[in-house]
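Observations on the model geometry
Each chain is listed here by its residues.
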Amino acid sequence: MLNEQTILNKVKTSPGYPSKERFFKGPVAVIECPEEIPCNPCEEACPFGAIKVGEPITNLPMLIEDKCIGCGKCIANCPGLAIFLVNLNYSKDEATISIPYEFIPLPDVGEEVDVLNREGKFVCKGKVIKVNKGEDHTWVITVSIPKEFFEVARNIKPLK
Ligand code: SF4
Ligand code: SF4
């Protein structure tokens, strides 16, 4: 199994990962889909034309970062649960990360949760600030976290 750093290096060099400059401009989709799989619902899901797969369908999804307004609509439309939303401008010290979530029970707004990395290892504590219904059985959970963890925080574990 790949470790966190190896996965992070791979997604950061894929065309779905925003530039550092774009992260600092406000909420932005982070597409972590670095394998050439035949899949493209993300392209249709974005109402702003900010995701391109094109032909062949095995192209890696590309984020056209200047077109992304950070609406989050693409998150629950990805069957691979591979799209996140990061907002580095949430507050002076905190960022938010919005993640696709398919477990029950759902966490409540205001609840403290453990925030995990891509390997499922503990990263930091977070606070749930939004719980939104997405597509079918996929929900989108938004948590606030200390800003320095925005690149590794990618899952949550409710404490109750
Ligand atoms: S966050 Fe919204 S604008 Fe950005 S890629 Fe996703 S659907 Fe498109
Ligand atoms: S929908 Fe998800 S899994 Fe499919 S190509 Fe887009 S990002 Fe990858």
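Here's what I pulled together on the structure shown here.

1. Examining the overall build of the protein chain
Looking only at helices and strands, one finds 3 helices and 9 strands in the protein chain. If you list the helices and strands of the protein chain from N to C, you get α-α-β-α-β-β-β-β-β-β-β-β. In terms of overall size, the protein chain behaves like a compact globule, its C-alpha atoms giving a radius of gyration of 15 Å where 160 residues would be expected to give roughly 15 Å. Along the first, second and third principal axes, the C-alpha atoms of the protein chain reach 45 × 35 × 35 Å. Among the 160 residues that make up the protein chain, the fraction classed as buried is 43%.

2. Observations concerning the site of ligand 2
Taken together, I31, C33, I37, C39, P41, C42, C78, P79 and I83 form the complete shell of residues around ligand 2. Under a 2 Å grid-point criterion requiring more than half of the atoms, the pocket assigned to ligand 2 is the largest pocket.

3. Here we look at unusual backbone geometry
Here the bond from E55 into P56 is cis, since omega is -5°, no more than 30 degrees from zero. Of note, P56 is situated in the loop between strand 2 (51–52) and strand 3 (62–63). Cis rather than trans, the peptide bond between I104 and P105 has omega equal to 0°. In this structure, P105 sits in the loop between strand 5 (94–101) and strand 6 (112–116). Positive phi, close to 50°, is recorded for L81, a residue that is not glycine. For L81, a relative accessible area of 30% gives the class partly exposed.

4. Structural notes on the pattern of salt bridges
According to the stated counting rule, one finds 8 salt bridges in the structure shown. Between K92 and D93 there is a salt bridge, and its shortest N-O distance comes to 3.6 Å. Through salt bridges that share partners, E4, E32, R118 and R154 make up one connected network.

5. Considering the sheet that holds strand 8 (residues 139–146)
Pairing within the open sheet is antiparallel, and its 7 strands lie in the order 1-4-5-8-7-6-9. Single-partner strands in this sheet number two, and they are strand 1 (28–31) and strand 9 (155–158). Each adjacent strand pair in this sheet contributes to an overall mean axis angle of 35°, direction not counted. Of the strand pairs in this sheet, strand 4 (residues 83–87) and strand 5 are connected by 3 bridges, and their pairing is antiparallel.

6. Regarding the layout of surface pockets
In this structure, the largest pocket encloses a volume near 540 Å³. Taken together, 31 residues form the lining of the largest pocket, with E32, G80, L81, A82 and F84 sitting closest to its centre. Elements supplying a minimum of two residues to the lining of the largest pocket: helix 1 (4–12), helix 3 (41–45), strand 4 and strand 5. For the lining of the largest pocket, the element with the highest residue contribution is helix 1, accounting for 3 residues. For the second largest pocket, the calculated volume is near 280 Å³. In this structure, the second largest pocket is lined by 20 residues; those nearest its centre are C71, G72, S98, N132 and V140. Elements with a minimum of two residues in the lining of the second largest pocket: strand 4, strand 5, strand 7 (122–133) and strand 8. No other element matches strand 7, which puts 4 residues into the lining of the second largest pocket. Of the residues in the lining of the second largest pocket, the class split is 7 nonpolar, 9 polar and 4 charged.

Thresholds, definitions, all that
Residues numbered from 1 in each chain as written. Chains lettered and ligands numbered in written order. Predicted model: local features only at pLDDT ≥ 70, side-chain atom pairs only at ≥ 80, totals over all residues. Heavy atoms only, no water. Helix = DSSP H or I, 4+ residues; strand = E, 2+ residues; numbered from the N terminus. Rg over C-alpha atoms; globule rule 2.2 N^0.38 Å. Buried < 20%, exposed > 50% of the residue type's maximum accessible area, 1.4 Å probe, protein only. Near = heavy atom within 4 Å. 1 Å grid on protein atoms, 1.4 Å probe; cavity = no way out; pocket = protein on both sides within 12 Å on 5 of 7 lines; lining within 4 Å. Sits in = over half its atoms within 2 Å of the grid points. Salt bridge = Lys/Arg side-chain N within 4 Å of Asp/Glu carboxyl O. Pairing = 2+ DSSP bridges. Axes fitted to C-alpha atoms, helices over the stretch in contact; angles between N-to-C directions. Points joined across faces, edges and corners; volume = space filled by probe spheres on them. Nonpolar A, V, L, I, M, F, W, Y, C, P; charged D, E, K, R; others polar.

Any functional reading would require information beyond the geometric quantities listed.
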